[in-house]
There are 2 protein chains.
Amino acid sequence: MQIVECRGKLFMIDCGEGAQIQLRRSSIAFERLGHIFISHLHGDHCFGLIGLISTFGLLGRKAPLHIHAAKELKPMLEAQLTMFFNYDIGYQVQFYPVDTTKKAIVYEDHSLTIESIPLEHRMPCCGYLISEKPTLPHIRRDMIDMYGIPISQINNIKAGHGYTLPDGTEIPHERLVTPPHPTRSYAYCSDTRFMPNLHESIKNVSTLYHESTYADDRLDSAEKYYHSTARQAATVALNANAGKLLLGHYSARYSDETILLNEARKIFKNSFLTSEMDVFDV
Amino acid sequence: MQIVECRGKLFMIDCGEGAQIQLRRSSIAFERLGHIFISHLHGDHCFGLIGLISTFGLLGRKAPLHIHAAKELKPMLEAQLTMFFNYDIGYQVQFYPVDTTKKAIVYEDHSLTIESIPLEHRMPCCGYLISEKPTLPHIRRDMIDMYGIPISQINNIKAGHGYTLPDGTEIPHERLVTPPHPTRSYAYCSDTRFMPNLHESIKNVSTLYHESTYADDRLDSAEKYYHSTARQAATVALNANAGKLLLGHYSARYSDETILLNEARKIFKNSFLTSEMDVFDV
């Protein structure tokens, strides 16, 4: 389970058993969580949904909860809701099927988009790419004052226009603004075997989370079980020109995951290990 | 979730979300767990089943797992098994419907019985009473030697017979044995409102676990939500002539559960609080 905060909204990606317990231990304000995205229907990625839904109900949630996942999850979730709660949880659970075989927008609002990224695992599976939309440029207050530009023109200028002074002089847009904050993006890629072309779907991503179940000594296991090695994860990060790589989903065989980190850093320097309850800036 | 060890076997009662995680943190040998008993189908008592079943599969379990619960759970569990594993978890899950409205034996082997105990909650619900069967008395080696009794007679004597010496003298059974260990029993009663006659079902139980969601200041909530207060739990223990009372299932409103313990001890001195990962002798 990961919680991504973006432009003031919270999104959950995957929801393994105990997700609600971790959520309660954190200081995260549940009610800001509106959408959950599930990568695939293995237990460690979705068994926590029903408990989370249940707990939200007990805590008095009223806002609808939106769940995005492969269509097979829907009847199961509905059966559980009917059986355990007789649908009476006090708020609405809405389901949106995700086609895991396509890169497509699965969520969009005025400030960001979330896209599915097809992955290759033992069952239908996709990652998610969360991308901020560009914001408007910042008005240069000093220029506005200098040219005596009226407030009514500010929105025009932000939208890309220049300004014409009463004497006919044209002030170009670029002189009146500073550029907006650069947009950030986050890609979640778990679980998957190494995909040589994955980087094309996540070009220039600010932060990439890519599973690294094994080190390269277990390349055979990685291929067999459709997982990746740390070297492979780093290769994706390098090819994608990512800003940062977060590793995770380690096999229990590694009591010390430093071996995975070192392997990744040989290929992609800006790599980091993740573990439960970690917080990262994108 | 509780694990009861009795005569070398492990039984699980209830299986809330995260049960398998707790089980893995403990040193309990999973493979000795063969039977799970579910009291009722609220999430905190059964949402952990599918994760537990899944994990047992990953760990290579071969022995069947037996699940005892209200019949409504069966189709749900089967749907989950089909959907998530295509039934391929490597071992068999067998389901036994429990009639929560009757006191009846739901499990029996040569050394113990487990009975359902009807409880009163917001949905069909029962507790479980685990009772050791009496063992045979212990042979007094000194008497056997003194009277020169042959080995072939030992089983007869254990079974209740005396022994006749070659000269016709009858040695009574009681002189040849010491009594068997007293049998022990454990009753699990959660969740339930106060039942004035519950003690009749669990007379002389060695250890009673009885929920105590509230203290008596919240008697109204206890009645409304079909839960019990600590005083009520202690009343059941007193009336049942229980050896020991374990309290649990506290409302989150009590940051310090000592209030519940003190309330119980006023009625029934041998009361104890329980919390996660506690171990108690019965």
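Residues numbered from 1 in each chain as written. Chains lettered and ligands numbered in written order. Predicted model: local features only at pLDDT ≥ 70, side-chain atom pairs only at ≥ 80, totals over all residues. Heavy atoms only, no water.

Moving on, we come to the overall build of chain A. From N to C terminus, chain A includes ten helices and 16 strands. Viewed in the frame of its principal axes, chain A has a C-alpha envelope of about 75 × 55 × 35 Å. The buried share of chain A, reckoned over its 282 residues, is 51%. Pairs at least 24 residues apart make up 63% of the contacts formed inside chain A by residues separated by at least 6 positions. For chain A, the exposed surface amounts to about 13,700 Å²; the carbon and sulfur share of it is 51%. The distance from the centre of the 28 positive side-chain charges to the centre of the 32 negative ones in chain A is 1 Å. (Helix = DSSP H or I, 4+ residues; strand = E, 2+ residues; numbered from the N terminus. Buried < 20%, exposed > 50% of the residue type's maximum accessible area, 1.4 Å probe, protein only. Contact = heavy atoms within 4.5 Å. Areas by Shrake-Rupley, 256 points an atom, 1.4 Å probe, with all protein chains shown as cover. Lys, Arg positive; Asp, Glu negative; His and termini not counted. Charge placed at Lys NZ, Arg CZ, Asp CG, Glu CD.)

Counting residues at the interface gives 21 residues for chain A and 21 residues for chain B. Across the interface of chain A and chain B, roughly 1,600 Å² is buried in total on both sides, 71% from carbon and sulfur atoms. If you sort the residues of chain A by the area they bury against chain B, E17, F47 and F84 of chain A come out on top, with a joint share of 42%. There are zero salt bridges connecting chain A and chain B. Counting residues per element, the ones that place at least two in the side of chain A that touches chain B are α1 (19-25), α3 (49-58) and α4 (73-85) of chain A. With seven residues, α4 of chain A is the largest single contributor of residues to the side of chain A that touches chain B. For the side of chain A that touches chain B, the residue count by class is twelve nonpolar, seven polar and two charged. (Buried area = accessible area lost by both parts, 1.4 Å probe. Salt bridge = Lys/Arg side-chain N within 4 Å of Asp/Glu carboxyl O. Nonpolar A, V, L, I, M, F, W, Y, C, P; charged D, E, K, R; others polar.)

Residue and element names in this part refer to chain A. Burial analysis of helix α9 (residues 230-240) places eight of its eleven residues in the buried class, which makes it a mostly covered element. Of all the residues in α9, the buried ones are A230, Q232, A233, A234, T235, V236, A237 and A240. On its buried face, α9 is in contact with β14 (207-211), α8 (219-225), β15 (244-248) and α10 (258-267). After α9 finishes, the residue N241 shows a positive phi value of roughly 60°.

In this model, helix α4 (residues 73-85) of chain B (13 residues) spans 18 Å end to end at C-alpha, consistent with the 18 Å of a helix rising 1.5 Å per residue. L73, M76, L77, Q80, L81, F84 and F85 of chain B are the residues of α4 of chain B that are buried. Seen from one end, α4 of chain B has its buried residues packed into an arc of 135°, which puts them on one side. The secondary structure elements touched by the buried residues of α4 of chain B are α2 (43-46) and α4 of chain A together with α3 (49-58), β4 (65-69) and β5 (93-97) of chain B. Looking one or two residues beyond α4 of chain B, the residue adopting positive phi is N86 of chain B, at roughly 55°. (Expected span 1.5 Å × (residues − 1). Arc of directions from axis to C-beta.)

As a further point, take the packing of helix α10 (residues 230-240) of chain B against helix α11 (residues 258-267) of chain B. Residue and element names in this part refer to chain B. Two numbers describe how α10 lies on α11: the axes approach to 8 Å, and their chain directions differ by 35°. In this structure, α10 meets α11 at a crossing whose hand is right-handed. Here A230, R231, A234, T235 and L238 of α10 come into contact with α11, specifically with L260, E263, A264 and I267. In terms of residue class, the contact of α10 with α11 is made up of six nonpolar, one polar and two charged. (Axes fitted to C-alpha atoms, helices over the stretch in contact; angles between N-to-C directions. Left-handed = near helix turned anticlockwise from the far one by under 90°.)

All names here are of chain A. As summarised here, the arrangement of the five strands in space is β1-β2-β3-β4-β5, forming an open sheet in which the pairing is mixed. Edge strands, defined here as strands with exactly one partner in the open sheet, are β1 (2-6) and β5 (93-97). Within this sheet the neighbouring strands show an average axis-to-axis angle of 25°, counted without direction. Both β1 and strand β2 (residues 9-13) contribute to a ladder of five bridges, which runs antiparallel. Pairing of Q2 across the sheet is with I13, part of β2. (Pairing = 2+ DSSP bridges.)

What follows concerns the sheet that holds β5 of chain B. All names here are of chain B. With respect to topology, five strands assemble into an open sheet ordered β1-β2-β3-β4-β5, the strand pairing being mixed. In this open sheet, the two edge strands, each paired with only one partner strand, are β1 (2-6) and β5. The sheet shows a mean angle of 25° between the axes of neighbouring strands, taken without regard to direction. Pairing of strand β2 (residues 9-13) with strand β3 (residues 33-37) involves four bridges; the strand directions are parallel. Paired with L10 across the two strands is L33, which belongs to β3. Contacts between α3 and the sheet are confined to β2, β3, β4 and β5, with β4 contributing the most and set at about 170° to the helix. Across the sheet, α4 lies against β4 and β5, angled at about 165° from β5, the strand it touches most.

Next up on the list: a positive patch on the surface. On the surface, R24 and R25 of chain A together with R24 and R25 of chain B cluster together into a patch of positive charge. Only α1 of chain A together with α1 (19-25) of chain B provide two or more residues apiece to the positive patch. Assessed through its relative accessible area of 48%, R24 of chain B is described here as partly exposed. (Patch = residues over 30% accessible without salt bridge, like charges linked within 9 Å, V, L, I, M, F, W, Y side chains within 5 Å.)

Here we take up the packing of α3 of chain A against α4 of chain A. The packing of two helices is summarised by the inter-axis angle and the distance between the axes. All names here are of chain A. Between α3 and α4, the shortest axis-to-axis distance is 11 Å and the interhelical angle comes to 45°. In terms of their interaxial angle, α3 and α4 are classed as oblique. Note on packing geometry: the crossing formed by α3 with α4 is right-handed. Where α3 abuts α4, its residues L49, I50, I53 and S54 lie against L73, L77, Q80, L81, F84 and F85. Of the residues that constitute the contact of α3 with α4, the class distribution is eight nonpolar, two polar and no charged. (Parallel < 35°, antiparallel > 145°, perpendicular 65-115°, else oblique.)

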